[in-house]
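Reading the structure
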Amino acid sequence: MNAPSQTATPATEAAADAVVGEALIRLAPTALVLGPNVRDAVDTDTDQFRAVVDSIREHGVLLPILARRTGDEVTVIDGQVRTLAAITADVDTVPVIVTQTGTDGAAAEIERLSRQVVANDRRIGLTVSQRAKAVADMLDLGVSATKVGKAVQMPRALVKTAAAAGRSETAREAVDAGQLTLEQAAIVAEFDADGDTDAVAELLERGRWGFDFTARRLLTEKAERTARAAAGTAWAERGFTVLTAEPTHGDGYLRAEDLVTVDGGSEVTAEHIEATAAHWAVWLTHEEQFTDTATGENVDAEEIDWSTEGEPDAEPAEGFRHYDSVTAAMVWTAEYVTADPTAAGVTPNAVLAAALAAPAADGDPAAQAQAREQARAAAELAAKEHARIERRRTVELNKASAAATEVRIEWLTKFLTRKTLPKDAGKWIAETLIDEPALLGENKAPQYFAQLLGVTVPDPTGPEAGYPHATNRAARTALEAVLDKASDGRAQVLTLAQILAAYEARMSGKGHDSWRRTHYGNLDNYLGFLHRHGHHLTPTEQAAGAELTPEQAHQQLTADTDQE
């Protein structure tokens, strides 16, 4: 009755009990026999396998190969990939744990299969954030990015990104949760290092959707704050308080333009402000300033015919000047305010004084006249404040549009690397060209086409240099090599790229104010296509496509940034 119970014992247990010896030795990888394996094939023509080869060349085989000795043969049980990679890397020896068993036949095969399955199933790889933290720690220890990249088999360009993300626990957690990519986490880590908890919270709330635009906007604002602080040094050294936020109505500051001097009631001059600098604050605005190229006098942007940009022979519209007659430059302009007019030696001018005066008594004709003057003064101040608000809104929308343009062009560049058209694109191409047959010939379209494909366009030379048609011709010439190499499927994608580039030239080639040109240029057709294929539209893009009014776009932006 005992025989049946002995034959029912699992063969795996019998195989395990039959191990009679184990030794760690070094052998040439070519001396190992690659026997049967549950991994029935190893593709040696993959980046993953080549990375293993590079790692072994750099570090050797770190994890011993598990093998079984049968007679004179040492057969690999676990370590097939390491063995092949070691042979490819041409290393002399590898560490091998060799076992000798007293089993053969079916029991030996069961032992092999179970070990190979368990060895592969029970490996837990590092998370992305753990790998990033290790990279950061190595860099902090003084190892160069090149050496770190070589050591961990990571492109050098990615080493710094990984290290940035690895230094922030918040960023690492977001990566492991699948909330952010490593590149996005690196941006979060930058704000985390600055202690900017509001920016970190906003970026994490965005997640992957809308992250790129929000990040671009926040990084631009950060750079502007840094530049403003640097520019403000000159004012601070002269005794002024340099503001970090723009003064607004009701915050206790009075603007120099609404004040007069106490002695004489004259306009407040720059000399007066400089003499009493300790009692003034300054708000600096970085803006584009236009001057007459011939005289150096300031020119209002509203006087420029923007359609003449890049068209030397074009006639500007009546009442406007040619773009080429002005010089543009980014400058810091100062607005002076004071919270203590008495100490500053100034007092409200007639308009401000009337608006601030106590309400007049009812019934008296003089009082009624005073009330009317107060109402007029209040209306004048309100109009000035409204103009400031409008100007501020325009600046904010232009900045948001510039950030959106950068993100959109990056998205387009990646989108157009595809080999075949996306779904429904063929019909969209046909409908667009039927509706706008002249679209591809618009100004700068070939230049944007080259930009989206990453094609470098040499600057034209000779008498036509500087004219748009010459640059367009140079772009077409540079694109010929790309078109010659294209397959039929890729050529269709290039046709799509031409149309998208023409639309982009129409949209961003005229500046960053497409948000105010609602219903212009069929941009809803362009932006709608991008949105359907995965590009997240920002408020300024929705305004350009006539989905939002400029006011609504601004409301969304200010709501997103908690400014209102």
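Preceding this paragraph is the structure being described.
Rules behind the numbers
- Residues numbered from 1 in each chain as written.
- Predicted model: local features only at pLDDT ≥ 70, side-chain atom pairs only at ≥ 80, totals over all residues.
- Heavy atoms only, no water.
- Phe/Tyr/Trp six-rings, centres within 6.5 Å; stacked < 30°, edge-to-face > 60°.
- Helix = DSSP H or I, 4+ residues; strand = E, 2+ residues; numbered from the N terminus.
- Buried < 20%, exposed > 50% of the residue type's maximum accessible area, 1.4 Å probe, protein only.
- Lys NZ or Arg CZ within 6 Å of the ring centre and 35° of its normal.
- Contact = heavy atoms within 4.5 Å.
- Salt bridge = Lys/Arg side-chain N within 4 Å of Asp/Glu carboxyl O.

**A look at the packing of aromatic side chains**
Counted according to the given criterion, the structure contains 6 aromatic pairs. Where Trp428 meets Tyr503, the ring centres are 6.4 Å apart and the plane angle is 45°; that geometry is what we call tilted. Separated by 75 residues along the polypeptide, Trp428 in helix H17 (residues 425–435) and Tyr503 in helix H20 (residues 488–508) bring together distant segments of the chain. Residue classification places Tyr503 among the buried residues on the basis of a relative accessible area of 0%. An angle of 20° between the planes, with centres 5.3 Å apart, marks the rings of Tyr503 and Tyr526 as stacked. Of the two residues, Tyr503 is situated in helix H20 and Tyr526 in helix H21 (residues 523–532); the sequence distance between them amounts to 23 residues. Overall, the relative accessible area of 0% leaves Tyr526 in the buried class. Members of the aromatic cluster, each reached through a chain of ring pairs, are Trp411, Phe415, Trp428, Tyr503, Tyr526 and Phe529. In this arrangement the basic side chain of Lys222 is found over the ring face of Phe191, its NZ or CZ atom lying 5.6 Å from the centre.

**Some details on the side chain of Ser401**
Checked against the element boundaries, Ser401 lands in helix H16 (residues 365–415). Judged by its relative accessible area of 4%, Ser401 is buried. Discounting residues that sit within four places of it in the chain, Ser401 has contacts with His512, Ser514, Trp515 and Thr540.

**Quick notes on the pattern of salt bridges**
This structure, assessed with the given rule, holds 33 salt bridges. Of the charged contacts in the structure, one is a salt bridge between Glu406 and Arg216, with a shortest N-O distance of 2.7 Å. Of this pair, Glu406 sits in helix H16 while Arg216 sits in helix H12 (residues 211–237); the two residues are 190 residues apart in sequence, bridging distant segments of the chain. Given the relative accessible area of 41%, Glu406 is considered partly exposed. Through salt bridges that share partners, Arg255, Glu257, Asp258, Glu335, Lys384, Glu385 and Arg388 make up one connected network.

**Here we look at unusual backbone geometry**
The phi angle at Asp424 is positive, at roughly 70°, despite the residue not being glycine. Tracing the sequence through the fold places Asp424 in the loop between H16 and H17. You will see that Ala546, though not glycine, has its phi angle at about 70°, which is positive. Examined against the element boundaries, Ala546 turns out to sit in the loop between helix H22 (539–544) and helix H23 (550–560).

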